Amino acid sequence: MIALAAVLLILLALMGAPLFAVILGAAALGFYAMETPLSVLHINLYQLSDSVVLMALPLFTFAGFLLGEARTADRMVRLSQAAFGWMRGGMAFVALIACAAFTALTGGSGVTIVALGGLLFPALVKAGYRERFSLGLVTSSGSLGLLLVPSVPLLIYGIIAQQLSQQLDMPSVRILDLYLAGLFPALLMVALLYGWCAWTTRHDPVPRQGFDWGELRAALGDMRWELPLPLVVLGGIFSGVLVVSEAAAVTALYVLVAEVLLYREIRWRQLPGIMRESMVMVGGILLILAVALALTDFLVYADVPSDLFAFIRTHVEDRITFLILLNLLLLLLGAMLDIFAALVIRVPLILPLALRYGVDPVHLGIIFVANMQIGYFTPPVGMNLFIASYRFRRSIGELYAATIPFMLVLLIALLLITYWPTLSLVLVR
Amino acid sequence: MFVLRWLHRLEDALIVLLLFTMIALGVWQILLRNFFDASLVWIDPLTRHAVLWIGLLGAMIASRNDQHIRIDLVSHYVPPRLRRWLVLVVDLFTCGICALVAWYSTGFVIEEMDFGGQAFAGLPSWLVQVIIPLGFAVIGLRYAVLVVLGLLNRRPQPVEAPQS
């Protein structure tokens, strides 16, 4: 009976039921089977008001929407072009850097393709790069930077891990540590991608640009109000003056002042609309997070992770095999699920398992998000594929083909990140 | 129609107001702590509850156009005629789950009301929690409307969730 209902829920999920409803259904079913009164669901949902850190999610998202609405993307491309355009494969490097920086600033990623892709794709083609290469580069860079401060997925991982740490015996997972741990893996990805870009275009007739001090100065001047922002966020968080939620409040206010009062690219009249749009997205994520907290409570209460561990231990003995299987599973799910949903559903199940195999929770967070980043453009439902297909008017099939080489490069990066924990943990432990 | 427009305006206004409050109080708290060596105890629980309210209000607004996060295989790979029936089943399910949660949550909040506890700053705890049953009731109702529209074959297409 219960098993049948569970199968039905999975079927509904595949039919496109909103994931919050599916997860709620699963939690309700579980509590019902354990004869717990269902008003427990209310208590679980109310946990959404437990965490101060969570405040960072709406604030960073709003700041990201503002930056997406203003002409920040143009300024960023201009600046990175002036700074790096002279290098071999310069425009490709510009694309990587601009995408990583913009994704980091805006927290998510869909908007990166919309805002930057439209500028970078024609610029790449005009600079002499092959069209298919450019398409693949822009589409796969759309999720680069997901590991950098103030990444929202890392934040969400940290919140769930903190909730779990109340019940599990594990080392602390501070949001700050996650951000520190993400730095080198993110740089590794950029470095590998750039290396591949430079190698694959080595015979292409791409003219090198000259370096122009005047243009660099002008581009810097153009960005004068936005350049201090990373300093405010990074400096505030890493110096310990601001906790993450406070840094988010400062960021939101700063961006508001910069775009509305200083650049005057967003009018006061537009503000309520932008606020509303960003909060609708936040609402979608928070709702999933809330119901996932309910499911987590059920899973821990019913001791499911222990059972799962007992089952898996008979088949998987060492940490490396566990991590290989974990990566396969994450990639598979990452291709199917929205990243935020994927994150909140998987962490409560996998974190307790990983701890028993001796994986550091901070390292696990980096593995999770690195996987998700690739999931953004894996067929069949990688979100960025659809956004790019819509934006550049290309068929999905064409985009699959264009992104595959980039995906392979990122898979190599993922392998390195997974099996070389020091890369992530060197700044933390 | 009038009631609907009124509800939409109320949701929009509240969510914008809450976000403004959150930014202002967040920054104000930092200033207080660093320059005046003081802090206001009610700011912290207020912003935490603002997160809860923003979450549910945002989810309510998102269900106006069925903008919720989902595994989107259907709209890309299923032919329209079959899609219509799948969407109907899915809407019905969503509506049912929301009704279930709204029902049990209402029960809890009524108990809380009888109990008369306080959340913070003198606010009764039922008041800060009431958004949960209210939110799920509204989301459930919106999906009920989608079910009816689906039966009449007049349901709007699901909208892709906006991404940051």
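Residues numbered from 1 in each chain as written. Chains lettered and ligands numbered in written order. Predicted model: local features only at pLDDT ≥ 70, side-chain atom pairs only at ≥ 80, totals over all residues. Heavy atoms only, no water.

Draft legend 1. Expanded view of helix 19 (residues 383-392) of chain A. Burial within helix 19 of chain A is extensive, with 8 of its 10 residues counted as buried. The positive-phi residue at the C-terminal boundary of helix 19 of chain A is A:R393, with phi of around 55°. (Buried < 20%, exposed > 50% of the residue type's maximum accessible area, 1.4 Å probe, protein only. Helix = DSSP H or I, 4+ residues; strand = E, 2+ residues; numbered from the N terminus.)

Draft legend 2. Structural view of the packing of helix 16 (residues 319-336) of chain A against helix 18 (residues 361-375) of chain A. All names here are of chain A. Across the interface, helix 16 lies against helix 18 with an axial gap of 8 Å and an inter-helix angle of 40°. One element, helix 16, and the other, helix 18, form an angle in the oblique class. Once helix 16 is placed against helix 18, the crossing between them reads as right-handed. On the side of helix 16, the interface is formed by L323, L326, N327, L330, L331, G334 and A335, while helix 18 contributes L364, I367, F368, N371, I374 and G375. For the contact of helix 16 with helix 18, a count of residues per class yields 9 nonpolar, 4 polar and no charged. (Axes fitted to C-alpha atoms, helices over the stretch in contact; angles between N-to-C directions. Parallel < 35°, antiparallel > 145°, perpendicular 65-115°, else oblique. Left-handed = near helix turned anticlockwise from the far one by under 90°. Contact = heavy atoms within 4.5 Å. Nonpolar A, V, L, I, M, F, W, Y, C, P; charged D, E, K, R; others polar.)

Draft legend 3. Molecular detail of the pattern of salt bridges. Under the counting rule described, the total for this entry stands at 19 salt bridges over all chains. A salt bridge links A:R75 to A:E226; the nearest nitrogen and oxygen atoms lie 2.9 Å apart. Highlighted residues: A:R75 in helix 5 (residues 72-84) and A:E226 in the loop between helix 11 (213-222) and helix 12 (228-239), separated in sequence by 151 residues. A:R75 sits in the buried class, given a relative accessible area of 5%. For A:E226, a relative accessible area of 5% translates into the label buried. The partner of A:E259 in a salt bridge is A:R75, and the shortest N-O contact between them spans 3.5 Å. Residue A:E259 is located in helix 13 (residues 244-262), and its partner A:R75 is located in helix 5; the two are separated by 184 residues in the primary sequence. Residue A:E259 shares its accessibility class with A:R75, and that shared class is buried. The structure contains a network of salt bridges with shared partners spanning A:R276, A:E277, B:E11, B:D12, B:R64 and B:R142. (Salt bridge = Lys/Arg side-chain N within 4 Å of Asp/Glu carboxyl O.)

Draft legend 4. Up close: the confidence of the model for chain B. The predicted model of chain B has a mean per-residue pLDDT of 88, with 96% of residues at 70 or higher. Among the prediction metrics, the complex's ipTM stands at 0.91, with pTM recorded as 0.87. (pLDDT = per-residue confidence, 0-100.)

Draft legend 5. Molecular detail of the packing of aromatic side chains. Residues and elements named next belong to chain A. Throughout the structure, instances matching the rule amount to 13 aromatic pairs over all chains. A ring pair is formed by Y129 and F133, whose centres lie 5.7 Å apart and whose planes are at 20°; its orientation type is stacked. On the accessibility criterion, Y129 (4% relative accessible area) is buried. Here the aromatic rings of F322 and Y357 are separated by 4.4 Å at their centres, their planes lie at 15°, and the arrangement is stacked. Of this pair, F322 sits in helix 16 while Y357 is found in the loop between helix 17 (339-356) and helix 18, placing the two residues 35 residues apart along the sequence. Exposure class is identical for F322 and Y357. Each is buried. Through pairs of rings, three or more aromatic residues link up here, namely Y129, F133, W196 and F406. The cationic tip of R75 hangs over the ring face of Y263; the distance from NZ or CZ to the ring centre is 3.7 Å. (Phe/Tyr/Trp six-rings, centres within 6.5 Å; stacked < 30°, edge-to-face > 60°. Lys NZ or Arg CZ within 6 Å of the ring centre and 35° of its normal.)

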